[in-house]
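Structural features, examined
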Amino acid sequence: LVSAGGPPPPPPAPRLAIVAAPKSFVGAVGEAQRNAIRSWLRLVPRPHVLLASRDPSVLAVAQEYNVDVIPDVETNTQGTPLLNSIFDLAEKRTNAERLAA
């Protein structure tokens, strides 16, 4: 539907955002994570998928599946992403009604 005199309205905000902090996309773990992303992207309506990581393999997969990346997540001294940081950043990057992990 196109309104007279202007561009069509923007699409509605997604109802669901799914955020994950995947491991490197290598081997069986990588394939399992790819399967998860593919299943999320088949949901209707399509959710906003966000992957929290700086890992180059995660960045490549995010580009492949056209999902968003949150690279600036705070970590502990061992490099483990902090869950509160993941959720804080995800909430700032989506306008979805619900956030799931």
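Overview of the structure.

1. Side note on the pattern of salt bridges
Tallied over the full model, the rule gives 3 salt bridges. Close ionic contact of Glu64 with Arg34 constitutes a salt bridge, the shortest N to O distance being 2.9 Å. You can see Glu64 sitting in helix α2 (residues 56–65) and its partner Arg34 sitting in helix α1 (residues 27–41), a full 30 residues away along the chain.

2. Regarding the pairing of strand β2 (residues 48–52)
Extensive coverage of β2 is indicated by the burial of 5 of its 5 residues. Here β2 shows a buried face lined by His48, Leu50 and Ala52 and a second buried face lined by Val49 and Leu51. Pairing of strand β1 (residues 16–20) with β2, which is carried by 4 bridges, proceeds in the parallel orientation. Bridging from a neighbouring strand, Ala20 pairs with Leu51 of β2. As a crossover connection, the stretch from β1 through α1 into β2 is right-handed. Summarising the sheet, β2 and strand β3 (residues 68–70) pair through 3 bridges and their orientation is parallel. Opposite Leu50, over in β3, you have Asp68 as the bridge partner. Following the chain from β2 across α2 to the adjacent parallel β3, one finds a crossover that is right-handed.

3. Remarks on the nonpolar core
In terms of nonpolar packing, the biggest core is built from 11 residues, these being Ala20, Phe25, Ile37, Leu41, Val49, Leu51, Val58, Val61, Ala62, Tyr65 and Val67. Among the elements of the structure, α1, β2 and α2 are those that each provide at least two residues to this core. If you tally residues by element for this core, the top one is α2, at 4 residues. Non-local contacts of Ala62, meaning those with residues more than four positions away in its chain, are made with Leu51, Val67 and Val69. Ranked by size, the runner-up nonpolar core spans 10 residues in total, among them Ala17, Ala52, Ile70 and Ile86.

4. A few points about the environment of Glu31
Among the structural elements, Glu31 can be located in helix α1. With a relative accessible area of 38%, Glu31 lands in the partly exposed category. Distance in space between the C-alpha atoms of Glu31 and Asp72 is 24 Å, their sequence separation being 41 residues.

5. Some points on the packing of α1 against α2
Running from N to C, α1 and α2 cross one another at 30°; their axes reach a closest spacing of 12 Å. Judged on the interaxial angle alone, α2 and α1 are roughly parallel. Every pair of crossing elements has a handedness; the one defined by α1 and α2 is right-handed. Between α1 and α2, the contacting residues are Arg34, Ile37, Arg38 and Leu41 on the first element and Val61, Glu64 and Tyr65 on the second. In terms of residue class, the contact of α1 with α2 is made up of 4 nonpolar, no polar and 3 charged.

Criteria and cut-off values
- Residues numbered from 1 in each chain as written.
- Predicted model: local features only at pLDDT ≥ 70, side-chain atom pairs only at ≥ 80, totals over all residues.
- Heavy atoms only, no water.
- Salt bridge = Lys/Arg side-chain N within 4 Å of Asp/Glu carboxyl O.
- Helix = DSSP H or I, 4+ residues; strand = E, 2+ residues; numbered from the N terminus.
- Buried < 20%, exposed > 50% of the residue type's maximum accessible area, 1.4 Å probe, protein only.
- Pairing = 2+ DSSP bridges.
- Right-handed = clockwise from strand over helix to strand, strands pointing away.
- Core = buried A, V, L, I, M, F, W, Y, C linked by side-chain atoms within 4.5 Å.
- Contact = heavy atoms within 4.5 Å.
- Axes fitted to C-alpha atoms, helices over the stretch in contact; angles between N-to-C directions.
- Parallel < 35°, antiparallel > 145°, perpendicular 65-115°, else oblique.
- Left-handed = near helix turned anticlockwise from the far one by under 90°.
- Nonpolar A, V, L, I, M, F, W, Y, C, P; charged D, E, K, R; others polar.

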